[in-house]
Amino acid sequence: MPDTDAERRTRDQDDAVESGPPAPRLYSVTTRHTDQFLGGQDGPDLLSDDAVAALHFALTTSGSSPLAVTCTTSADGRTWRDLPLRLLHADALSALRQHVKPAMYPADDSRRDPRRPRAALRGLIELAQVKWLDSALHVDDEATWLPDEPTSADWVRAGRLWAAVWGDIPSESVLKRLPGSAPSTALREGLLSAEAAAVLNATALAHAPAAAAADDSLPELHAAWALLHDVAERTLGAEYGPGTDVRTAEHRLLERISALHPDTAGLLAATRDHPAAAGIRAAAHAYLRRVLVVWPKTAAWTEKARTAFLEDVHVLRATVDGPPPGPPETRAQAVLREVLDGLDLPAVLSRHEAAALWRSHSGRGAEQAGWDATVETNRTDDLALAHMAEGTPQGREEAVAEAQRALNAVTDFHDERVTTHAARGHLHALAASLVTLDKAQRTLQHGIWDIHAERRAQHDPAKGPWNGYDEQRATVDLTPVLEEGEARIALLRQRCLDAANHTLTDLIPQLTDTPRDDYRHHRMRNYLAPLDQLRKTLNTLGPLTDEQHRTCRELRTRLNTGPRFGEMHTTAQDLAAAEKRLQVLERRYTDTQTEFALSVTLGRLFDQVRTPAAPSPSEAAATPRTSRRTAYTPTNGHDQATATALPGPASHGRTPGA
């Protein structure tokens with residue numbers, strides 16, 4: 001694609017994650033949405049470490065359903081960010097230049113030659129871009145009838161959309177492959193490129209350095225803002241990706257316009273050091289968003305908008321910060337505040353974030369994901385080669401259709417695996433949240449008990465022994481604080497369980513209205529925590545590992561002392577191959593042990609999540625309460641949730657108990 005001036009100017013604005021060769025990371029393409037007529041979900045979703053496969057999947061599915069592309073920014077797959085298509089396209093081209101796909105998961109490639117068909121994959125991406133642009137030319141939500149040939153308005157909209165999504169001007173090869181050969185097509189393609197260049201220039205103006213702000217022209221900034229505002233409001237729909245770059249540029253232009261517009265420039269300069277400067281600036285931006293649509297023309301509501309804006313500024317400038325002082329905080333309340341400050345409902349994980357979280361803890365899950373990624377990469381390469389295959393057009397079409405069916409089957413299976421890993425990841429995140437709540441409750445109890453112990457130590461024995469009256473006086477302000485803290489922690493615990501139940505029900509619709517003691521509940525529990533299958537795997541891997549240990553010892557002995565009569569000659573390569581097989585078996589055994597320990601916790605948590613809801617406050621008040629002691633009492637924790645691996649048994653043939 002051509003390297004335009006606008007692209008070069010905006011490319012420097014990207015952060016460190018977007019520059020340089022793509023590091024091994026995950027790409028998620030979410031196309032799942034609820035159909036109001038069919039009542040089902042459309043998909044599937046994709047979670048892949050192959051930028052080329054992710055880009056092809058995004059281009060072939062974005063025309064029919066809302067699209068969201070994210071990628072990891074950390075090696076453990078726990079930090080995610082939105083990824084525009086232009087950056088995903090840059091990662092894919094960089095991966096093709098490197099010949100070999102950088103793998104996120106440690107899985108053996110099933111191909112003998114790890115190199116990929118670069119020319120075929122480039123052609124596949126270009127063909128997908130042509131189909132994407134053609135769908136953009138023929139989409140108009142406001143029209144009930146669409147003509148066969150795109151109109152000038154369609155070319156304008158498509159050019160702006162291409163620049164906003166891809167960050168450059170369409171290449172000549174993409175334009176030549178567009179369907180249609182009318183004489184006016186060349187002129188309309190020029191209109192498309194001109195509109196794309198206008199959007200790129202407006203974006204470059206928004207990202208201009210601060211030194212160029214002194215030469216700002218209000219009409220030029222307004223024209224650029226109006227163009228980007230139209231793109232963000234009318235052209236860039238949810239089905240074309242995040243579009244965060246256009247909105248960021250629009251906001252930057254609005255910042256610079258507010259410093260020049262006659263209605264806001266003087267007011268913002270006078271209140272630059274005011275405590276409510278941020279609120280005044282936000283009010284000015286809201287006012288300009290209403291006025292700039294028709295500015296410099298006038299309208300009947302402009303004066304009303306200006307009056308409302310000035311009233312809001314007057315209220316902000318007269319606001320007195322800070323609440324009135326209250327009673328001093330007691331030591332027990334300080335302990336409660338420190339404990340509750342760090343507690344809150346955990347952030348809701350997306351489907352891909354939960355799956356990546358599980359794979360970062362489960363080596364077995366990462367290995368399964370590596371196999372899926374390898375097969376998916378191979379099927380994508382096969383589809384690219386089918387498009388470039390020699391032969392008759394009918395034979396090529398049949399080969400392409402067969403390769404596409406194979407890729408769809410792999411993607412459907414991959415989607416089911418992501419769903420399973422996401423459910424386990426949500427349960428693992430719930431376990432970590434419960435561990436945090438248990439630790440907070442113990443910290444609160446320890447803190448209150450320490451205050452009580454200090455008060456008892458300060459008792460003067462000359463006044464008599466410590467009695468019940470002294471105990472009541474020492475705990476009169478501690479017991480309410482302790483009860484309040486434990487009630488808050490119990491409420492957070494129940495909310496975490498309810499949120500996990502809701503999330504699992506969305507992931508696995510079969511859980512809807514499934515009683516805890518039902519057969520389907522136990523089947524689903526065994527599906528999410530397959531202890532019997534893991535036991536069988538451990539029983540199989542244990543003897544194989546012991547046998548491989550003996551084989552390595554025998555080969556090492558033969559290599560050091562020489563083979564005996566009738567034994568085969570041993571080389572260093574034979575010993576290295578045997579040790580490599582032993583390492584693979586030991587890693588799989590350790591990963592299975594780790595997953596067994598995690599699955600024990602997942603099974604227990606799944607039972608807690610599917611427990612009926614807690615009684616209402618009126619029912620709880622009617623239940624007789626037991627006497628409470630102020631002293632510390634240990635709670636039933638969930639510390640097994642963070643177990644990484646069970647200690648290795650003396651013999652690999654033994655398995656841990658359920």
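Residues numbered from 1 in each chain as written. Predicted model: local features only at pLDDT ≥ 70, side-chain atom pairs only at ≥ 80, totals over all residues. Heavy atoms only, no water.

K.L.:
Looking at this model, I keep getting lost on the overall build of the protein chain. Mind explaining?
P.N.:
In terms of regular secondary structure, the protein chain is built from 22 helices and six strands. Evaluated residue by residue, the protein chain yields a buried proportion of 43% over its 658 residues. Considering only contacts in the protein chain between residues 6 or more positions apart, those separated by 24 or more positions represent 78%. For the protein chain, the accessible surface area stands at approximately 35500 Å², while carbon and sulfur atoms represent 53% of it. (Helix = DSSP H or I, 4+ residues; strand = E, 2+ residues; numbered from the N terminus. Buried < 20%, exposed > 50% of the residue type's maximum accessible area, 1.4 Å probe, protein only. Contact = heavy atoms within 4.5 Å. Areas by Shrake-Rupley, 256 points an atom, 1.4 Å probe, with all protein chains shown as cover.)

K.L.:
How do you make sense of the sheet that holds strand 4 (residues 46-48) when you look at a structure like this?
P.N.:
Within a sheet, adjacent strands bond to each other through the backbone by hydrogen bonds, running parallel or antiparallel. Here four strands make up an open sheet; going across it, the order is 4-1-5-6 and the pairing antiparallel. The open sheet has two edge strands with one neighbour each: strand 4 and strand 6 (80-82). Here the strands of the sheet are splayed against their neighbours by 20° on average, with no regard to which way each runs. Of the pairings in the sheet, the one linking strand 1 (residues 27-30) to strand 4 comprises three bridges and is antiparallel in character. For Tyr27, the partnering residue across the bridge sits in strand 4 and is Ser48. Contacting strand 1, strand 4 and strand 6, helix 14 (residues 351-361) runs over the sheet at an angle of about 35° to strand 4. (Pairing = 2+ DSSP bridges. Axes fitted to C-alpha atoms, helices over the stretch in contact; angles between N-to-C directions.)

K.L.:
Would you explain the packing of helix 13 (residues 331-341) against helix 18 (residues 478-507) in this entry?
P.N.:
Between two packed helices, both the angle of their axes relative to each other and the distance between the axes serve to describe the pair. Contact geometry of helix 13 with helix 18 gives a least axis separation of 9 Å together with a crossing angle of 10°. Judged by the angle between their axes, helix 13 and helix 18 are roughly parallel. Residue-level inspection shows Ala332, Gln333, Leu336 and Leu340 of helix 13 in contact with helix 18, the latter providing Leu478, Val481, Glu484, Gly485, Arg488 and Ile489. Here the residues of the contact of helix 13 with helix 18 are counted per class, giving six nonpolar, two polar and two charged. (Parallel < 35°, antiparallel > 145°, perpendicular 65-115°, else oblique. Nonpolar A, V, L, I, M, F, W, Y, C, P; charged D, E, K, R; others polar.)

K.L.:
What am I meant to see in the pairing of strand 1 here?
P.N.:
The pairing of strand 1 with strand 5 (residues 68-72) spans four bridges and is classified as antiparallel. Counted as the bridge partner of Val29 is Val69 from strand 5.

K.L.:
How should I be thinking about the side chain of Arg364 in this particular structure?
P.N.:
In this structure, Arg364 sits in helix 15 (residues 363-387). Look at Arg364: it is buried, it has no salt bridge, and the nearest opposite charge is Glu595 at 4.5 Å. Setting aside anything within four residues of it in sequence, one finds Arg364 in contact with Gln533, Leu534, Thr537, Asp591, Thr592 and Glu595. (Lys, Arg positive; Asp, Glu negative; His and termini not counted. Salt bridge = Lys/Arg side-chain N within 4 Å of Asp/Glu carboxyl O.)

K.L.:
What am I meant to see in the packing of aromatic side chains here?
P.N.:
Aromatic rings considered in pairs are described by the distance between their centres and by the relative angle of their planes. What the rule picks out here adds up to three aromatic pairs. Geometrically, the ring pair formed by Trp132 and Trp166 is edge-to-face, given 5.7 Å between the ring centres and 85° between the ring planes. Remark: Trp166 occurs in helix 5 (residues 152-166) and Trp132 occurs in helix 4 (residues 118-137); sequence separation between them is 34 residues. Summarising the burial analysis for this pair, Trp132 and Trp166 share the class buried. Here the aromatic rings of Trp162 and Trp166 are separated by 5.4 Å at their centres, their planes lie at 35°, and the arrangement is tilted. Pair noted here: Trp162 and Trp166 are both in helix 5, with a separation of four residues, about one helical turn. With respect to burial, Trp162 and Trp166 carry one shared label: buried. (Phe/Tyr/Trp six-rings, centres within 6.5 Å; stacked < 30°, edge-to-face > 60°.)

K.L.:
Which parts of the structure should I look at to understand helix 5?
P.N.:
Every α-helical turn comprises 3.6 residues, leaving residues that sit three or four positions apart pointing alike. The end-to-end C-alpha distance of helix 5 is 21 Å, a good match for the 21 Å that 15 residues give at a rise of 1.5 Å each. Most of helix 5 sits out of view: 13 of its 15 residues are buried. Positive phi appears at Gly167, one or two residues downstream of helix 5, with a value of about 75°. (Expected span 1.5 Å × (residues − 1).)

K.L.:
Teacher, can you tell me more about the confidence of the model for the protein chain here?
P.N.:
Averaged over every residue, the pLDDT of the protein chain is 78; the share at 70 or more is 77%. Below a pLDDT of 50 lies the segment residues 622-658, which in the model reaches 73 contacts outside its immediate sequence neighbourhood of four places, other chains included. (pLDDT = per-residue confidence, 0-100.)

K.L.:
How should the pattern of salt bridges be read in this particular structure?
P.N.:
Think of it this way: side chains of opposite charge can pair up when their charged atoms draw near. Per the counting criterion, the structure on display carries 23 salt bridges. The partner of Asp591 in a salt bridge is Arg587, and the shortest N-O contact between them spans 3.8 Å. One end of the pair is Asp591 and the other is Arg587, both in helix 21 (residues 572-609) and four residues apart, which spans about a single turn. By relative accessible area, Arg587 is classed as partly exposed at 33%. Put simply, Glu367, Arg587, Arg588 and Asp591 are held in one network by salt bridges that share partners.

K.L.:
For this particular structure, what's the right way to read the environment of Glu189?
P.N.:
Counting through the fold element by element, Glu189 comes out in helix 7 (residues 185-206). Between the C-alpha atom of Glu189 and that of Pro170, which follows or precedes it by 19 residues, the distance is 9.4 Å. In this view, Glu189 contacts Trp155 and Leu175; residues no more than four positions away in its chain are not counted.

K.L.:
Sorry, what's going on with the nonpolar core here?
P.N.:
In a soluble, globular protein the nonpolar side chains are often hidden away together inside. Leu88 and Leu133 are the most contacted members of the largest nonpolar core, which totals 80 residues. In this structure, Leu88 is in contact with Tyr27, Ala51, Ala54, Leu55, Val69 and Leu83, ignoring residues within four places of it in sequence. (Core = buried A, V, L, I, M, F, W, Y, C linked by side-chain atoms within 4.5 Å.)

K.L.:
Whenever I open this one, the side chain of Glu195 confuses me. Can you help?
P.N.:
Mapped onto the elements of the fold, Glu195 is located in helix 7. Residues within four places of Glu195 in sequence aside, it is in contact with Val156, Gly159 and Arg160.

K.L.:
Help me out: how do you make sense of a positive patch on the surface in this one?
P.N.:
Taken together, the side chains of Arg97, Arg115, Arg118 and Arg122 define a basic patch exposed on the protein surface. Locating Arg118 in the fold gives a position in helix 4. Accessibility expressed as a relative area gives 34% for Arg118, which makes it partly exposed. (Patch = residues over 30% accessible without salt bridge, like charges linked within 9 Å, V, L, I, M, F, W, Y side chains within 5 Å. Charge placed at Lys NZ, Arg CZ, Asp CG, Glu CD.)

K.L.:
Would you take a moment to explain the pairing of strand 5 for this structure?
P.N.:
Regular strands show a simple pattern: their side chains alternate between the two faces of the sheet. The buried fraction of strand 5 is high, at four of five residues. Pairing geometry for strand 5 and strand 6, over three bridges, is antiparallel. Considered in strand 6, the bridge of Thr70 is made with Asp82.

K.L.:
So what exactly am I meant to see when it comes to the environment of Leu492 here?
P.N.:
Note on placement: Leu492 falls in helix 18. Sequence separation of Leu492 and Leu434 is 58 residues, and the distance between their C-alpha atoms is 9.2 Å. Discounting residues that sit within four places of it in the chain, Leu492 has contacts with Leu343, Leu345 and Leu437.

K.L.:
Honestly, the environment of Ala356 in this entry has me stumped. Any pointers?
P.N.:
Tracing the backbone shows Ala356 in helix 14. Sequence separation between Ala356 and Leu47 is 309 residues; the distance between their C-alpha atoms is 8.8 Å.

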